[in-house]
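# Topology and contacts: notes
As a plain string of letters, each chain reads:
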Amino acid sequence: MNYRVIGGSQPRADAWEKVLGRPIYAGDLAVAGMLHGKIVRSPYASARIVRIDTSAARALRGVIAVLTHEDVPQNALRMELPGRMAEATAGAVLATQPVLAEGRVRFQGEPVVAIAAETPEIAAEAAERVRVEYEPLPGVYDPLEALKPGAPHVHEGGNLLRAWHIRKGDIADGFKRAEVVVERTYRTPFVDHLYLETETGIGWIDAEGVLVLRVSTQVLEHYRDVAEVLRLPHGRVRIEGAYLGGGFGGKEDVTVECLLGLLVWKTRRPVQLVFSREESFIGHGKRHPYVLRYKTGATKSGELVAMEAELISDSGAYAALSPWVLLYSLVTATGPYRVPHVKVDAFTVYTNNPIASAYRTFGSIQTCVAYEGQMDALAHALGMDPLELREKNFIRKGDSIATGQVLESEPMLGETMRRAWEALGSVRAGEGPLRIARGLAASFTPYGRMCWTRDSASAWVGMELDGTAVVRCAAPDVGGGQTSSLCSITAEVLGLAVEHVTAVGRDSHFTPRAGTTTATRQLLMSGNAVLKAAREVRRHLADQAAEMLEAAPDDIELADGRAMVRGSPDRAVAFPALVKAATAAGRPVQALDKYDAPSAPTIDPATGQGKPFNDYTFGTQAVEVEVDEETGQTRVTKLAACYDIGQAINRQSAEGQIEGGAIQGLGHALLEEVVLEEGVSKNPHLLDYKIPTTLDAPPIVTILLESGQGLGPFGAKGIGEPAMT
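The sections below set out a description of the structure shown in this document. (Residues numbered from 1 in each chain as written. Predicted model: local features only at pLDDT ≥ 70, side-chain atom pairs only at ≥ 80, totals over all residues. Heavy atoms only, no water.)

Let us now look at the overall build of the protein. From N to C terminus, the protein includes 17 helices and 28 strands. On C-alpha atoms alone, the protein measures out to a radius of gyration of 27 Å, which is about the 27 Å that the 2.2 N^0.38 rule sets for 725 residues. The principal-axis extent of the C-alpha atoms belonging to the protein is close to 85 × 75 × 55 Å. Expressed as a percentage of contacts within the protein between residues at least 6 apart in sequence, the contacts between residues at least 24 apart total 80%. Entry remark: accessible area of the protein is about 27700 Å², with carbon and sulfur atoms responsible for 50%. Side-chain charges in the protein split into 74 positive and 89 negative, and the spacing between the mean points of these groups amounts to 2 Å. (Helix = DSSP H or I, 4+ residues; strand = E, 2+ residues; numbered from the N terminus. Rg over C-alpha atoms; globule rule 2.2 N^0.38 Å. Contact = heavy atoms within 4.5 Å. Areas by Shrake-Rupley, 256 points an atom, 1.4 Å probe, with all protein chains shown as cover. Lys, Arg positive; Asp, Glu negative; His and termini not counted. Charge placed at Lys NZ, Arg CZ, Asp CG, Glu CD.)

Pairing is mixed across the open sheet formed by four strands, whose spatial order is β16-β24-β25-β28. Bordering the open sheet on either side are β16 (434–446) and β28 (700–705), each of which pairs with just one other strand. Adjacent strand axes in the sheet meet at a mean angle of 15 degrees when their direction is disregarded. Across nine bridges, the pairing between strand β24 (residues 616–628) and strand β25 (residues 634–644) is antiparallel. Its bridge partner being in β25, Val 627 is matched across the sheet by Thr 634. Along the sheet, helix α13 (residues 413–423) contacts β16, β24, β25 and β28; its crossing angle with β24, the most-contacted strand, is approximately 25 degrees. (Pairing = 2+ DSSP bridges. Axes fitted to C-alpha atoms, helices over the stretch in contact; angles between N-to-C directions.)

Enumeration according to the criterion identifies 13 aromatic pairs in this entry. Ring centres 6.2 Å apart and planes at 85 degrees place the aromatic pair Phe 107 and Tyr 318 in the edge-to-face group. Of this pair, Phe 107 sits in the loop between β4 (104–105) and β5 (111–117) while Tyr 318 sits in the loop between β14 (304–316) and α10 (322–332), placing them 211 residues apart in sequence. According to the relative accessible area criterion, Phe 107 is buried, its value standing at 1%. Under the relative-accessibility criterion, Tyr 318 is labelled buried at 1%. Aromatic ring contacts, followed pair by pair, group Tyr 328, Phe 362, Phe 444, Phe 613, Tyr 616 and Phe 618 into a single cluster. One cation-aromatic arrangement involves Arg 162 over Trp 164; the distance from NZ or CZ to the ring centre is 3.9 Å. Lying over the aromatic face of Tyr 195, Lys 251 brings its terminal NZ or CZ to 4.3 Å of the ring centre. (Phe/Tyr/Trp six-rings, centres within 6.5 Å; stacked < 30°, edge-to-face > 60°. Buried < 20%, exposed > 50% of the residue type's maximum accessible area, 1.4 Å probe, protein only. Lys NZ or Arg CZ within 6 Å of the ring centre and 35° of its normal.)

It is worth spelling out the sheet that holds strand β7 (residues 160–168) at this point. With respect to topology, five strands assemble into an open sheet ordered β7-β15-β14-β13-β8, the strand pairing being mixed. Across the chains shown, the open sheet's two edge strands, defined by having one partner strand only, are β7 and β8 (180–188). Shown here is a sheet whose adjacent strand axes are inclined to one another by a mean of 5 degrees, direction ignored. Where β14 lies against strand β15 (residues 341–350), 10 bridges are found, and the strand directions are parallel. Paired with Glu 308 across the two strands is Lys 343, which belongs to β15. Contacts between helix α11 (residues 364–382) and the sheet are confined to β8, β13 (290–298) and β14, with β8 contributing the most and set at about 145 degrees to the helix.

This part takes up the environment of Ala 117. With respect to the helices, strands and loops of the structure, Ala 117 is situated in strand β5. Put simply, Ala 117 and Asp 604 are 487 residues apart on the chain and 53 Å apart in space, counted from C-alpha to C-alpha. Contact partners of Ala 117, with chain neighbours within four places excluded, come to Leu 35, His 36, Gly 62, Val 63, Ile 64, Ile 122 and Ala 123.

A word on the packing of helix α15 (residues 522–549) against helix α16 (residues 575–584). Their axes nearest at 10 Å, the elements α15 and α16 cross at an angle of 95 degrees. When the interaxial angle is binned, α15 and α16 end up roughly perpendicular. Of the residues in α16, those touching α15 at Leu 541, Gln 544, Ala 545 and Met 548 are Ala 577, Leu 578, Val 579, Ala 581 and Ala 582. Of the residues assigned to the contact of α15 with α16, the class counts are eight nonpolar, one polar and no charged. (Parallel < 35°, antiparallel > 145°, perpendicular 65-115°, else oblique. Nonpolar A, V, L, I, M, F, W, Y, C, P; charged D, E, K, R; others polar.)

Turning our attention to unusual backbone geometry. One non-glycine residue, Phe 248, lies in positive phi territory at about 55 degrees. Counting through the fold element by element, Phe 248 comes out in the loop between β11 (237–241) and α8 (257–267). Positive phi is not limited to glycine here, since Thr 520 has a value of about 50 degrees. Tracing the chain through its elements places Thr 520 in the loop between β19 (501–504) and α15.

What is shown is where atoms sit, not what they do.
In structure tokens form, the structure reads like this:
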């Protein structure tokens, strides 16, 4: 289908602002008379707090507040479980994380004392003067050890946080049919998000007594968490989302919000709180490390017949989002392949390691490491081309995944694999000690939340008297172009140029609720909400134009800022005159609408059977790798990625997501690991924690397939997280 705007590569509205360094981020804002916050954190991964002495810190001139758990009205970050998520966590030990540690600490970096002072230097000195007496306690630092009888308990009730299971077919019969069986164990490490902007915010109390927090966040709805902690009505807390200097899931959980809100509310003065790089490393959630034990069986002809897997993830000291990250791993455990007989047992476990939570791909990347490792091992055992083996077993339209969900659209996996592989070009020979080889990984990743959460998003679209349009939608833009996509959708529907549409968001008080910018859900959810609202506005404009031009509403076209009669372009009215006439006639030129994602019952907790997600993004990435056999130096020299994205809303943004995801994935594969010694980080700084730079990035070829079969606006699929899998 031909679109005017959709599928093009319009520059984002904020592109030049960011290139020129002009956006105001959360840490750039200053308020007259503001204080500076500082958090005292535990140096221990497991210890009892014997005594906290803040007297010397309080006595320091310029210190306004020194707060402990006794100063927090409700010292717990409760897990809000939307829809039927609570039902899905039945039996889980959802340990509540305190805002400030009370009685004991369970991970290095756990907040213990919050300070507000007149200058950053005074706040830092006050933190040095706080005396906390700790009694070290036995801890547990390996998820396998944590499950053993007699292991120290991180929380009462045991170390098992949540288990999920899949049972499909007859696993014993499946392995009887197998003529080749491959068994391997894979491990993935703790990985940090390492966004350029650390967790940051500034807060104040406005003239109406509302606590306002301008923070770097992916979730505006955290105003509810702050309100609960301070025991305030939800309407007395407002969150403004600033420009985000990177998130990748790390700013999905509460970071500075409750600590900052507490300091502002207690001092009644503006406060700025900026985490140092080391604080960011030890204080926020990481990607979950996994131990993945796989056993895969196939016939001699390469047909997969059985797969058995045990997935064990390290949740760290608190629950955070671990039960749902594990669910994504469960669903994707068999990869994008037809496997008739499946047994998967998945567990997430408490340890005294750093908290693990959301990170781009949300549990899908760990299983991809394992199921694609198994496919390569099987191909080797069978003496079969790895591409041929994959092609033979790829799931297709009408097939069911391990949960029994039947795919309603064609995954196009074979084409994504062939296109990615061909894009690497001709094979070159290594010289001297250099060896050059190629490999690929196919994957499928959900976009949108679990079906049983009954997810929804709202948006408002309205016309101004000058014929331009405004979109109001509380969807934080995390750098993926979410805001620009909403403008493109509106422009397409209303026949406007993109530059004549403005998106207003990032404010919990003044924009319709759109939910979190997580789970690759915003294009699906907010995009569809904006599409519905824009179509409603279009209907009203067409009715007004039909009356003015003496035509039927169905014959009205909107394009280039005009309403015209189809086939008679001279019979037209410009938008400013049209909007003014509609307003004078009492016709609405704005609409508030809501999109509800399709829902389904919770999957069976014993067998995993059911419909966990509404849809998936499928694709393949291929690489050429150069290895020096003498030094071990490994370098990716080419990378090609091909995905079916349904429909590009902004082609440049979609390609950028894939390029960024690919480079981030290379970091995970080759460079990155949070190194821990009994829960204590040994590399919490940029000196020793390395991520890819432009010098490490190979040439990247991105190939977009557009089946038009996604559930998003105009048939789009999500690509933000799948791009890294």
